[in-house]
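Spelled out from the first residue to the last, the chains are:
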Amino acid sequence: MVLSANPAIDQQISLIKSPDLGDHLSSIPTIDLSSSNSPETIVQACKEFGFFKVTNHGVSMDLVEKLEAEAVKFFAMPQSEKEKSGLSNPFGYGSKKIGINGDVGWLEYLLIATSAEPFCESSIAFLRDPSFSSFRSALYDYISSMRKLNCQVLEVMADGLQLEQRDTISKLVQGSECDEIFRLNHYPACPLLQGFNGGLTGFGEHTDLQLISVLRSNSTSGLQIALSDGRWVLVPPDPEAFFINVGDSLQVLTNGRFRSVKHRVVANSLESRVSMIYFGGPPLAQRIAPLPQLMEEGEQSLYKDFTWGEYKGAAYKTRLADYRLEPFQL
Ligand code: GA4
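Residues numbered from 1 in each chain as written. Predicted model: local features only at pLDDT ≥ 70, side-chain atom pairs only at ≥ 80, totals over all residues. Heavy atoms only, no water.

Chemist: Describe unusual backbone geometry, listing the residues and the values that go with them.
Modeler: Its identity is not glycine, yet Gln162 carries a phi of approximately 60°, on the positive side. One can find Gln162 in the loop between α6 (133-160) and β6 (179-187). Of note, Asn255 is a non-glycine position whose phi angle comes to about 45°, a positive value. Among the secondary structure elements, Asn255 is positioned in the loop between α7 (248-253) and β12 (263-266). Classification of Asn255 as buried rests on a relative accessible area of 6%. (Helix = DSSP H or I, 4+ residues; strand = E, 2+ residues; numbered from the N terminus. Buried < 20%, exposed > 50% of the residue type's maximum accessible area, 1.4 Å probe, protein only.)

Here you go:
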């Protein structure tokens, strides 16, 4: 990433003061997917934090490391080569600018639409080049294991919510019509900030729009989440685990029982951070509304009726930090 090719953008990236050092969540809710009490702990974590990590997830670390190594190799290429691979609109390679509404951060990324197979042809054509064949195959393998993990987590949630059909939620994000996105982020180290009690905004605060997002990062810190009282806390990295965020759509499906968690990433002064995030969204025409099975007698929906396509269309026109559900609330 060219650090100062565009000083005008660099100046727009805001500084974030660190939460106090003690402010890392003493224990991130951890769901052991092999444990029989995972349904209850998952529901509790979704209500309280909208955030948790999963262990014993069955995803091969070999596969994760392969894709990470490919990503590191890609981001180490000369800037001109990376830009040749197709600038984000929104899919493709992006540097510092996130979307088209003025959000900026100390990162570069690849954003890929992975629903339609073969996804590299529709969304990032450079992956078709034979020189990227190992990247392409690592990406395909990773996405297929994310699909499974995404469904598994949503099924454990359904168990915890005591829904009769385990696939009540997971079926919303299965099939070729689904609106699935994958993001590879690279936050270069930012040595100029050494000594400052904080860092540069890597990815500004926001909630995710989908049902859940599945994030894996290397061992560099940077992720922070907001608690329900608004306090920001640091999330210690765990490269062996996957972090799950509840997104806006799941908050709506549960009529506000689950909390869509506000989160952000702060660039590290010494080490670079690489993260990979899988966003499994429903088909565009899918109605997003509270699940009738969850509603208690007399309970009213907190939200207007809308489809995923309508929500996504409206949210993409806003800034990251905007409260995107607001226009959809009753
Ligand atoms: C899509 C995936 C995640 O929901 C998200 C979205 C982000 C947003 O503002 O919510 C983006 C979108 C997502 C892709 C292009 C840019 C950024 C809206 C937008 C116009 C949080 C993300 O990481 O990228």
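Further notes follow.
Chemist: Just give me the short version of the pairing of β12, but keep the residues and values in it.
Modeler: For a regular strand, side-chain orientation follows a simple rule: the groups alternate between the two sheet faces. Residues His263 and Val265 point to one face of β12 and Arg264 and Val266 to the other, with burial holding for every one of them. Note that strand β7 (residues 198-206) and β12 share 3 bridges and pair antiparallel. By the bridge assignment for β12, Phe203 is matched with Val265. Judged from the 3 bridges that link them, strand β9 (residues 223-226) and β12 form a sheet pairing that is antiparallel. Across the sheet, the residue bridging to Ile225 is His263, located in β12. (Pairing = 2+ DSSP bridges.)

Chemist: Tell me about the site of the ligand, and name the residues and values.
Modeler: The environment of the ligand is formed by 15 residues, the closest being Arg183, Gln210, Tyr316, Leu320 and Arg324. Note that an oxygen atom of the ligand is positioned 2.7 Å from one of the side-chain N or O atoms of Arg183. Separating an oxygen atom of the ligand from a side-chain N or O atom of Arg324 is a distance of 2.7 Å. Within the complex, 95% of the 450 Å² of free accessible area of the ligand lies under protein. Among the elements of the structure, β6 and β7 are those that each provide at least two residues to the shell around the ligand. When its residues are assigned to classes, the shell around the ligand shows 9 nonpolar, 3 polar and 3 charged. (Near = heavy atom within 4 Å. Polar contact = N/O pair within 3.5 Å; in protein donor to acceptor, adjacent residues only side chain to side chain. Areas by Shrake-Rupley, 256 points an atom, 1.4 Å probe, with all protein chains shown as cover. Nonpolar A, V, L, I, M, F, W, Y, C, P; charged D, E, K, R; others polar.)

Chemist: Quick one: what's the story with the pattern of salt bridges, residue by residue and with numbers?
Modeler: Applying the stated rule across the entire model yields 14 salt bridges. The shortest N-O distance in the salt bridge between Glu70 and Lys73 comes to 3.5 Å. Placement of both Glu70 and Lys73 in helix α3 (residues 61-75) is noted, with a separation of 3 residues, approximately one turn of the helix. With relative accessibility at 51%, the residue Lys73 sits in the exposed group. For Asp159, the salt bridge identified is with Arg166, shortest N-O distance 2.8 Å. (Salt bridge = Lys/Arg side-chain N within 4 Å of Asp/Glu carboxyl O.)

Chemist: I'd like to hear about the sheet that holds strand β10 (residues 232-234), residue by residue, with values.
Modeler: Across the sheet, which stays open at both edges, the 5 strands sit in the order β1-β7-β12-β9-β10 with antiparallel pairing between neighbours. The sheet terminates laterally at β1 (15-17) and β10, the two strands that pair on one side only. Neighbour to neighbour, the strand axes of the sheet diverge by 45° on average, direction disregarded. (Axes fitted to C-alpha atoms, helices over the stretch in contact; angles between N-to-C directions.)

Chemist: Tell me what's going on with the nonpolar core, and back it up with residues and numbers.
Modeler: With 57 residues, the main nonpolar core has Phe52, Val153, Met157, Phe182 and Phe242 as its most contacted residues. Ranked by residue count, the leading element in this core is α6, at 12 residues. Filtering out sequence-adjacent residues up to four positions away, Phe52 remains in contact with Ile28, Pro29, Ile31, Ile42, Ala45, Cys46, Val153, Met157, Phe242, Phe243 and Ile244. If you look at the next biggest cluster of nonpolar residues, it comprises 22 residues, including Phe49, Tyr109, Phe243 and Phe279. (Core = buried A, V, L, I, M, F, W, Y, C linked by side-chain atoms within 4.5 Å. Contact = heavy atoms within 4.5 Å.)

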